[in-house]
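# Structural overview for review
Read off the chains here:
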Amino acid sequence: LSAFAFGTSYFSAVIFVGYAGQFGWKYGLAAFWIGVGNALLGSLLAWWVLGPRTREITQRLKATTMPEFFGKRYHSEALRIASAAIIFVFLIPYTASVYNGLSRLFGMAFGLPYEVCIVGMAVVTCIYVVLGGYIATVLNDFIQGIIMLIGIVAVIVAVLAGQGGFSEAIISLSQIPAESSALEGAFISMFGPDLFNLLTSLGTWGLPQMVSKFYAIKSGPAIKQGAIISTIFAFVVAGGSYFLGGFSRLFGDQITYAADGTPIYDSIIPTMLSGLPDILLGIVVVLVLSASMSTLSSLVLTSSSSLTLDLLKGKVIKQMSENSQVLWMRALIVVFVLISAVLALIQYTSTITFIAQLMSISWGALAGAFLGPLLWGLYSGRISKTAVWASFIVGIGLTVSNMIFGFISSPINCGALAMLLSLVVVPLVSLVTPAVPFKVKPLTREGAIDREIEHDLRAEAEAARN
């Protein structure tokens, strides 16, 4: 269940409508490598490298959110508060991008105005998450993941059949010239017309809504099983989405273009699907709705829980009971969803015209701020508090300044640079600043951590009785 929740939180309308259309148009079938990168770097390697350590150390520290991990690992309430604020602020554009993708697809399928779709999805999300909670969300993620696996295969088969089959589609695609390359048949090339930018788009770590899936895993062996399941899931869903987008040039005479002649990337996938039979169009809508609802629920739960547990509890509200925590989380879910919906409405008429841009702002800020402190904090006992602050400043500073001044043309490349800087800045700053005392132990044998935690809980219960 955790593996499916990880995958369904990873992929949504942003991938299917925004990224698949944009990268498929730019790189042709080579965009499939982005899906492979999502599977190998974003899923398999994340489970291998982050999974066991995250599970063990968060349970040792009794940390239930990423801000709580930072606060306890680095002995700093200020870091905990700052990271909770970052999560709340920068998950909003991520959520808005999901609304955007869903609304465009619903508009194509049912002819509904964009604004009606946004408001409708906001209401559904509030009901879905407020009434369901975490366990219901994870169970729904599993069901929605099954739908996604079946749906993406059916859609690819249907779209290619409409182009005369796979061979005919490949032949037609090979005859389309690439504007930026002299390569013949660039869009069926293994590495496409622009290899460098293709590679900089692979993989993402450090997002709190995905890392949190490792906290709830019950046993060590489940990490290995989860790695396999989530990788296969990512390969089918992400690989299939980008593979479908690779044929987007075949629909170049049907998609919407901006005034300057550039394609409206978010219109590409809906255009490709608009000619499908009603039954397949229904499958597409359920597919993207499933992917997006699971992502939305994960985003709003992550944001509201961080804000409640890490900002309000014990600080703004000194005494907060379990019931009060739940009520505050539910109230903040509604606030978060409303702000995201408003941003999605504003974005529709702003200069940030593409879903991928909106999502990349969120992804770049969060992963750029958190990746270094998380990864180095799990594996090294020599990391300083100053280094964590430096990573926060670099990740947020680079993302926000690029939003304002635009010195890096692609927000996606800006996000990738922020992640790399975070990994470099943390150890470099730690060399010249005092480390926070923390003993990094070798991973315990399978089941040992569970027995150790059970022993600690019994000891705490005995002390409470005494």
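The following refers to the structure shown. Owing to the predicted nature of the structure, the values given are computational and were not obtained by experimental measurement.

### Some points on the overall build of the protein chain
The number of helices and strands found in the protein chain is 18 helices and zero strands. When burial is assessed residue by residue, the protein chain has 56% of its 466 residues classed as buried. The contacts in the protein chain between residues at least 6 apart in sequence include a share of 84% that link residues at least 24 apart. Summed over its atoms, the accessible surface of the protein chain is roughly 19,100 Å², and 69% of this surface lies on carbon and sulfur atoms.

### What to know about the nonpolar core
Of all hydrophobic cores here, the largest spans 132 residues; its most connected members are Phe11, Phe16, Tyr99, Phe247, Leu273, Phe370 and Phe392. Sort the elements by how many residues they give to this core and helix H7 (residues 114-162) lands first, with 16 residues. In this structure, Phe247 is in contact with Leu29, Leu160, Phe166, Ala169, Ile170, Leu173 and Met272, ignoring residues within four places of it in sequence.

### Some thoughts on unusual backbone geometry
The backbone of Lys62 shows a phi angle near 55°, a positive value even though the residue is not glycine. Tracing the backbone shows Lys62 in the loop between helix H4 (51-61) and helix H5 (66-73). Judged by relative accessible area, which is 38%, Lys62 ranks as partly exposed. With phi around 55°, His75 is a residue other than glycine that occupies positive phi space. As for its position among the elements, His75 is in the loop between H5 and helix H6 (77-110).

### Side note on the packing of aromatic side chains
For any pair of aromatic rings, geometry is given as the distance between the ring centres together with the angle between the planes. A full pass over the atoms with the stated rule returns 15 aromatic pairs. Between the aromatic rings of Trp25 and Tyr257, the centroid separation amounts to 6.5 Å while the plane-to-plane angle is 75°, which identifies the pairing as edge-to-face. Of this pair, Trp25 sits in helix H2 (residues 13-27) while Tyr257 is found in the loop between helix H11 (221-245) and helix H12 (268-273), placing the two residues 232 residues apart along the sequence. Classification of Trp25 as buried rests on a relative accessible area of 8%. Using a relative accessible area of 36% as the deciding quantity, one classes Tyr257 as partly exposed. Here Phe69 and Phe70 contribute two aromatic rings whose centre-to-centre distance is 5.7 Å and whose plane-to-plane angle is 55°, an arrangement assigned as tilted.

### A closer look at a nonpolar patch on the surface
Together, Leu1, Leu139, Phe142, Ile143, Ile146 and Ile150 make up an exposed nonpolar region whose accessible area comes to about 560 Å². Considering the arrangement of structural elements, one finds Leu1 in the segment before helix H1 (2-10).

### Comments concerning the side chain of Ser430
Relative to the elements of secondary structure, Ser430 occurs in helix H17 (residues 411-432). With a relative accessible area of 10%, Ser430 lands in the buried category.

### Here we look at the side chain of Ser241
Within the secondary structure, Ser241 sits in helix H11. Engagement of the side chain of Ser241 in a polar contact is seen with the backbone oxygen of Val237, the distance being 2.7 Å. Beyond its immediate stretch of four places on either side in the chain, Ser241 contacts Ile15, Phe16, Ala20 and Ile152.

### Re helix H8 (residues 166-174)
Listed in full, the buried residues belonging to H8 are Ala169, Ile170 and Leu173. Buried residues along H8 cover an arc of 100° about the axis, so they all sit on one side.

### Some thoughts on the pattern of salt bridges
The full count for this structure, using the stated rule, is three salt bridges. A salt bridge links Glu56 to Arg60; its shortest N-O distance comes to 2.6 Å. Separated by four residues within a single helix, Glu56 and Arg60 lie in helix H4, roughly one turn from each other. Take Glu56: its relative accessible area is 6%, and that puts it in the buried class. Note on Arg60: relative accessible area 25%, which makes it partly exposed. The partner of Glu68 in a salt bridge is Lys72, with the nearest N and O atoms 3.2 Å apart. Of this pair, Glu68 and Lys72 both sit in helix H5, separated by four residues, roughly a single helical turn.

### Digging into the packing of helix H16 (residues 385-405) against H17
Where H16 meets H17, the closest approach of the two axes is 8 Å, and the angle between their N-to-C directions is 160°. As summarised for this structure, H16 and H17 are arranged roughly antiparallel, according to the angle between their axes. Note on packing geometry: the crossing formed by H16 with H17 is right-handed. In contact with Thr386, Ala387, Ala390, Ser391, Val394, Gly395, Leu398, Thr399 and Asn402 of H16, H17 contributes Pro411, Cys414, Leu417, Ala418, Leu421, Ser422, Val425, Val426, Val429 and Ser430. Here the residues of the contact of H16 with H17 sort into twelve nonpolar, seven polar and no charged.

### Here's the deal with the packing of H1 against helix H3 (residues 32-49)
Running from amino to carboxyl end, H1 crosses H3 at an angle of 140°, the nearest separation of the two axes being 12 Å. Comparing the axis directions of H1 and H3 gives the class oblique. Read as a crossing pair, H1 and H3 show a hand that is right-handed. Contact residues: Ser2, Ala3, Phe6 and Tyr10 in H1; Asn38, Gly42, Ser43, Ala46 and Trp47 in H3.

### Comments concerning the environment of Glu184
By the secondary structure assignment, Glu184 is in the loop between H8 and helix H9 (195-199). With ten residues separating them in the primary sequence, Glu184 and Ser174 have C-alpha atoms 7.5 Å apart.

Conventions adopted
The residue count restarts for each chain, going from 1 along the sequence in the order it is written. A pLDDT threshold of at least 70 governs which residues receive local features in this predicted model, and a stricter bar of 80 or more applies before side-chain atom pairs are shown or counted, although totals over entire chains, interfaces and linings include all residues. Side-chain calculation: all heavy atoms of the structure are included, whereas hydrogens and water are not. For the purposes of this entry, the term helix denotes a DSSP run of H or I that reaches at least four residues, the term strand denotes a run of E that reaches at least two, and both are numbered from the N terminus. Each residue gets one of three labels from its accessible area relative to the maximum for its type: buried under 20%, exposed over 50%, partly exposed in between, using a 1.4 Å probe on protein chains only. Contacts are residue-level and defined by heavy atoms, with any inter-residue pair within 4.5 Å sufficient. Note on areas: Shrake-Rupley with a 1.4 Å probe; residue coverage comes only from the protein chains shown. Residues belong to one nonpolar core when they are buried, are Ala, Val, Leu, Ile, Met, Phe, Trp, Tyr or Cys, and are joined through side-chain atoms within 4.5 Å. In this analysis, rings of Phe, Tyr and Trp, with Trp reduced to its six-membered ring, are considered paired at centre separations within 6.5 Å, and the interplanar angle assigns stacked below 30 degrees, edge-to-face beyond 60, and tilted for intermediate values. A patch consists of residues whose relative accessible area exceeds 30% and which take part in no salt bridge; residues with like charges are grouped when within 9 Å of each other, and nonpolar side chains (Val, Leu, Ile, Met, Phe, Trp, Tyr) when within 5 Å. Salt bridge, as used here: a side-chain nitrogen of Lys or Arg that lies within 4 Å of a carboxyl oxygen of Asp or Glu. Identification of polar contacts relies on pairs of N or O atoms within 3.5 Å, with a donor-acceptor requirement for protein atoms, meaning one able to donate a hydrogen and the other able to accept it, and with residues adjacent in sequence counted only if both atoms are side-chain atoms. Comment: arc refers to directions from the helix axis out to C-beta atoms. The angle between two axes is taken between their N-to-C directions and runs from 0 to 180 degrees, where each axis is a line fitted to C-alpha atoms and a helix contributes only its stretch in contact. The labels follow the angle: roughly parallel below 35 degrees, roughly antiparallel above 145, roughly perpendicular from 65 to 115, and oblique for the rest. In this scheme the crossing of two helices becomes right-handed for a clockwise turn of the near helix relative to the far one and left-handed for an anticlockwise turn of less than a right angle. Gly is put with the polar residues, along with every residue not named as nonpolar or charged; the nonpolar set is Ala, Val, Leu, Ile, Met, Phe, Trp, Tyr, Cys and Pro, and the charged set is Asp, Glu, Lys and Arg.

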